[in-house]
Amino acid sequence: MNFLPVPKLMQWHWNLSQNYYCDQKVLVTSGCSFTSSTKTLDCASSWPGFVRDRCKFEYAVDWSYPGVGNLYIADSIIGYVDSLNEQEKKDILVIVMWSGIDREEDTIQSFTDPCINGISYQRRQIKQLSKKQQALDSYNCIFKTKQYLDSKNIPYAFTCLS
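Residues numbered from 1 in each chain as written. Predicted model: local features only at pLDDT ≥ 70, side-chain atom pairs only at ≥ 80, totals over all residues. Heavy atoms only, no water.

Asks: Any chance you could explain the packing of helix 2 (residues 70-82) against helix 4 (residues 131-151) here in plain terms?
Replies: Helix-helix packing is described using two parameters, namely the angle between the two axes and the distance between the axes. It is at 8 Å that the axes of helix 2 and helix 4 come closest, and there the two elements cross at 15°. Compared by their axis directions, helix 2 and helix 4 come out roughly parallel. Note on packing geometry: the crossing formed by helix 2 with helix 4 is left-handed. Residues Asn-70, Leu-71, Ala-74, Asp-75, Ile-77, Ile-78, Val-81 and Asp-82 of helix 2 lie in contact with helix 4, whose contacting residues are Ser-138, Cys-141, Lys-144, Thr-145, Tyr-148 and Leu-149. A breakdown of the residues in the contact of helix 2 with helix 4 according to their chemical character gives eight nonpolar, three polar and three charged. (Axes fitted to C-alpha atoms, helices over the stretch in contact; angles between N-to-C directions. Helix = DSSP H or I, 4+ residues; strand = E, 2+ residues; numbered from the N terminus. Parallel < 35°, antiparallel > 145°, perpendicular 65-115°, else oblique. Left-handed = near helix turned anticlockwise from the far one by under 90°. Contact = heavy atoms within 4.5 Å. Nonpolar A, V, L, I, M, F, W, Y, C, P; charged D, E, K, R; others polar.)

Here's what the structure looks like:
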């Protein structure tokens, strides 16, 4: 199946009425398939697009990709924010939908999607870690992202699969 490459820039003319207000101009998102169901970039077709329209963000930068785990999600947010200048960091709101805690990933040097700066994130088909270690690894990714965003004074919201 073909997916849109990351990051996806959502910048169409708003199609939905504004229901909410936000001080930030730019929405930054990441997640797995529950976030990345966007197959078009001319209207809202997944929750990042609906949030963009309903809050009237100028645009959204969506790093989500189907099947990814929390390592990719954390690295995509931190890597993107690191690439911004100080003014751009003041203009963003980050919303993350964390993936399942049992997804294990390997990173390899490659430009195969999903990819961040020449590092490709590939889901392990055979589990190598205990359930406890999988949960701990996911917790560390989530907590690392929280600490990073707090240190940059960037507003954020986290949600997860249930």
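Moving on from the coordinates now.
Asks: Would you mind showing me how to read a nonpolar patch on the surface here?
Replies: Residues Leu-136, Tyr-139 and Phe-143 make up a contiguous nonpolar surface patch of about 290 Å² in total accessible area. Following the sequence through the fold, Leu-136 ends up in helix 4. (Patch = residues over 30% accessible without salt bridge, like charges linked within 9 Å, V, L, I, M, F, W, Y side chains within 5 Å. Areas by Shrake-Rupley, 256 points an atom, 1.4 Å probe, with all protein chains shown as cover. Salt bridge = Lys/Arg side-chain N within 4 Å of Asp/Glu carboxyl O.)

Asks: Sorry, what's going on with the environment of Phe-143 here?
Replies: Within the secondary structure, Phe-143 is located in helix 4. Sequence separation between Phe-143 and Thr-38 is 105 residues; the distance between their C-alpha atoms is 27 Å.

Asks: Is there a simple way to think about the layout of surface pockets in this case?
Replies: By rolling a water-sized probe across the atoms, one finds the places where empty space is left. Put simply, the largest pocket is a space of about 180 Å³. The wall of the largest pocket is formed by 13 residues, among which Leu-71, Arg-103, Glu-104, Glu-105 and Asp-137 lie closest to the centre. Taken together, the elements giving at least two residues each to the lining of the largest pocket come down to helix 2 and helix 4. Broken down by element, the residue count for the lining of the largest pocket peaks at four residues, all from helix 4. Residues belonging to the lining of the largest pocket are distributed by class as follows: four nonpolar, four polar and five charged. (1 Å grid on protein atoms, 1.4 Å probe; cavity = no way out; pocket = protein on both sides within 12 Å on 5 of 7 lines; lining within 4 Å. Points joined across faces, edges and corners; volume = space filled by probe spheres on them.)

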